[in-house]
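Fold and contact review
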Amino acid sequence: MKWWQESVVYQIYTRSFQDTNNDGIGDIPGIIMHLDNLQDLGVTVIWLSPVYQSPNEDNGYDISDYRRINSEYGTMADMDQLIIEADRRGIKIIMDLVINHTSTEHEWFQKSRNRIGKYEDYYIWKASPNKELPNNWTSFFGEKSWSYDHVREEYYLHLFAKEQADLNYHHKDVLDEVKDIMRFWLDKGIAGFRCDVINILYKNSLEDGKKSLILIGAEHYLNNNGTHKIIRELHSDVLDDYDCFTVGETVFATLQDGKDLTDSNRKELNMIFAFEHVEVDQFMVKWFKKPISISKLGRVLSKWQLGLEWNANYFECHDQLRAISRYGDADQYHNQSGKLMATLLLTLKGTPFIFQGQELGMTNFDYKSMEDIEDVESRNINQLLTDYHVPKSLRWKMIKASSRDNARTPMQWNDGINAGFSMSQPWLKVNSNYKTINMEEQLNNTSSIRSYYKELIEFRKQSEIILKGDFRPKQITKHVFVYERRYCGQKLTIALNFSNKTRKIESRGLIIKTNYNESYRLFEGELKAYEAVILE
Ligand code: TEU
Ligand code: CA
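To keep things clear, this report deals only with the structure shown in the data block.

Definitions and cut-offs
Residues numbered from 1 in each chain as written. Chains lettered and ligands numbered in written order. Predicted model: local features only at pLDDT ≥ 70, side-chain atom pairs only at ≥ 80, totals over all residues. Heavy atoms only, no water. Salt bridge = Lys/Arg side-chain N within 4 Å of Asp/Glu carboxyl O. Helix = DSSP H or I, 4+ residues; strand = E, 2+ residues; numbered from the N terminus. Contact = heavy atoms within 4.5 Å. Core = buried A, V, L, I, M, F, W, Y, C linked by side-chain atoms within 4.5 Å. Buried < 20%, exposed > 50% of the residue type's maximum accessible area, 1.4 Å probe, protein only. Arc of directions from axis to C-beta. Polar contact = N/O pair within 3.5 Å; in protein donor to acceptor, adjacent residues only side chain to side chain. Near = heavy atom within 4 Å. Areas by Shrake-Rupley, 256 points an atom, 1.4 Å probe, with all protein chains shown as cover. Nonpolar A, V, L, I, M, F, W, Y, C, P; charged D, E, K, R; others polar. Axes fitted to C-alpha atoms, helices over the stretch in contact; angles between N-to-C directions. Parallel < 35°, antiparallel > 145°, perpendicular 65-115°, else oblique. Left-handed = near helix turned anticlockwise from the far one by under 90°. Donors = N, O, S within 2.8 Å, 3.2 Å for Na, K, Ca; no water.

Here we take up the pattern of salt bridges. Scanning the entire structure with this criterion turns up 42 salt bridges. By sharing partners, the salt bridges in this structure join D58, D319, D375, E377, R404 and R408 into a single network.

Printed below as a string of structure tokens:
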């Protein structure tokens, strides 16, 4: 096994993690402050969401200098110290590599709009004599994907916000720049990259896209050979020289795309973040709160588990809803459903990724209006819905049920001022449930969600079956998901009940883990509400 297959990764969204200088914004010293806590949890890799210099239109996913640290988060000296201090605790760091686009404040873009030297074609520009948009493509954030630049008097392409201009991968120098940036960070001692929207780099053509409800134009840039070739080149020219790993964030990837991207013979990526399982509730459920289809979730997860040799597993990140609010019951079965999601995440085949606060069972926000929202995606969607005359209350309902800010609320460290995140007004409001859901309360409480994460992480590290075993779906119904892991003639059965009623299942066995506190041993086929068991 490779070290990154045995790893447990913890994603830190620095802005919301811990503020140490009381400006209301999380920072790198705040991460260093909590390294002991992460080591205690059992984490062996940290994925840092972007901490590079950025005007923060999209919270760091709009980079204006890849070799500088955002001054809100600290200095390069802080970053170097973080790498050293993490290493002392057996924790490696992977960075976010955002190379589909840069901030329009990036020096390259500034030179490009002024047509300076080689930079002229670093981005995707299009003249338009009659001021019509160059094509009909729409962006991931709902708007048109072209903006007019008054300096160059041309349109530029942006598949995300208008402050995030897409780089032009038809220009060879762009890829060389990326390679240098990667080496810069790998030489500093980081252990790899989470590669942002890595499957859309290469644009085949700029022709009009097919009519579609969302993302018009995607067929011209999703998972094409140009992108595969770029990724292989990054692998052979850079990554191969280091002991590191990559996880690609791959929007709209099919299983076949996943196979192509992670097939070790092709030398592209080590694992990907697929989206299919976090899209089983897209639109209807997310916006209108219809109950999520557990059978669909189970089928999709099984398909990916069976289809790939190895992959990344996740249920939360800075773009997704909180898992308890989404798949569980945050009110009545907060503790059980938090542990249920932990059981699922940590017993699947693949490398598990925990998002900050997930180990505490943090929930979706409790905001009351658009004024509390910072997320650029939510703001754009709200604007779009306003343009379509969607009434305010319905707009809010949709935003509330889908906003990425649900996951981005500040970490809940204790029941003190601002949940211990900061002494001054946080950049994004703290969830008011911090009085009961917080780290301090859970740390020494043996029945807390955090204690369960810690226990299960340790269990996973010791279990060859979990680490190396095959995956077999056993029973997938409207309410339960049961699967086996098998290795060298041994097996474990994992049974999960995603409902608030007792459910009968076929499996039997000896319980070695349960998310209910009572210590019962023999499992006779009945799962309690939101119960999760691991059977021998
Ligand atoms: O996400 C890509 C992406 O597809 C999401 O923004 C998606 O549109 C959204 O989650 C749906 O709700 C990556 C980053 O994770 C995200 O934070 C960035 O905003 C985006 O790329 C642009 O860099
Ligand atoms: Ca700060």
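As for its position among the elements, F365 is in the loop between β15 (351-355) and α13 (376-387). With 210 residues separating them along the chain, F365 and Y155 place their C-alpha atoms 37 Å apart. Residue contacts for F365: discarding those within four places in its chain leaves I373, W396, K400, S403, D405, N406, T409 and N431.

Before going further, it helps to spend a moment on the nonpolar core. Residues L48, M79, F193, L344, F353 and F498 are the most contacted members of the largest nonpolar core, which totals 153 residues. Ranked by residue count, the leading element in this core is helix α6 (residues 172-187), at seven residues. Apart from residues lying up to four places away in sequence, L48 is in contact with I12, T14, I31, M79, L82, I93, I94, M95 and D96. Counting residues in hydrophobic clusters, the runner-up holds nine residues, among them V482, I505, L527 and L535.

The next point concerns unusual backbone geometry. Backbone geometry places N418, a non-glycine residue, at a positive phi of 45°. Looking at where N418 falls in the secondary structure, it is placed in the loop between α15 (405-408) and α16 (439-443). One non-glycine residue, A419, lies in positive phi territory at about 60°. Here A419 shows up in the loop between α15 and α16. By relative accessible area, A419 is classed as buried at 0%.

Among the residues making up helix α8 (residues 255-262), those that are buried are L255, D257, G258, L261 and T262. The buried side chains of α8 occupy one side of the element, clustering within an arc of 155° when seen end-on. Looking at the buried residues of α8, the elements they touch are α7 (225-237), β13 (271-273) and α10 (294-307).

Here we take up the side chain of D372. Within the element layout of this structure, D372 appears in the loop between β15 and α13. For D372, the side chain forms a polar contact with the side chain of K429, separated by 3.3 Å.

Taken together, 17 residues sit near ligand 1, with D58, H101, D196, H318 and D319 positioned nearest. Take D196: an N or O atom from its side chain is 2.8 Å from an oxygen atom of ligand 1. Here an oxygen atom of ligand 1 and a side-chain polar atom of D319 are 2.4 Å apart. In isolation ligand 1 exposes 490 Å². Once the protein is present, 92% of that is buried. Residue classes in the shell around ligand 1 are distributed as six nonpolar, three polar and eight charged.

Relative to the assigned elements, N431 resides in the loop between α15 and α16. Leaving out residues up to four positions away in the same chain, N431 has contacts with T363, N364, F365, D366, T409 and Q412.

Now for the packing of α8 against α10. Following both chains from N to C, one finds α8 and α10 inclined at 30°, their axes separated by 10 Å at the closest point. It follows that α8 is roughly parallel to α10 by the angle criterion. The handedness of the crossing between α8 and α10 is right-handed. Packed against α8, whose contacting residues are L255, G258 and K259, the element α10 presents K303, W304 and G307 at the interface. A breakdown of the residues in the contact of α8 with α10 according to their chemical character gives two nonpolar, two polar and two charged.

Take the coordination of the calcium ion (ligand 2) next. Looking at the calcium ion (ligand 2), the protein donor atoms are D19 (OD), N21 (OD1), D23 (OD), I25 (O) and D27 (OD), and they sit 2.2 to 2.4 Å from it. Mapped onto the sequence, the residues coordinating the calcium ion (ligand 2) show the spacing D-x1-N-x1-D-x1-I-x1-D. Using a relative accessible area of 48% as the deciding quantity, one classes N21 as partly exposed.

Take it as geometry only, folks, not as evidence of what the structure does.
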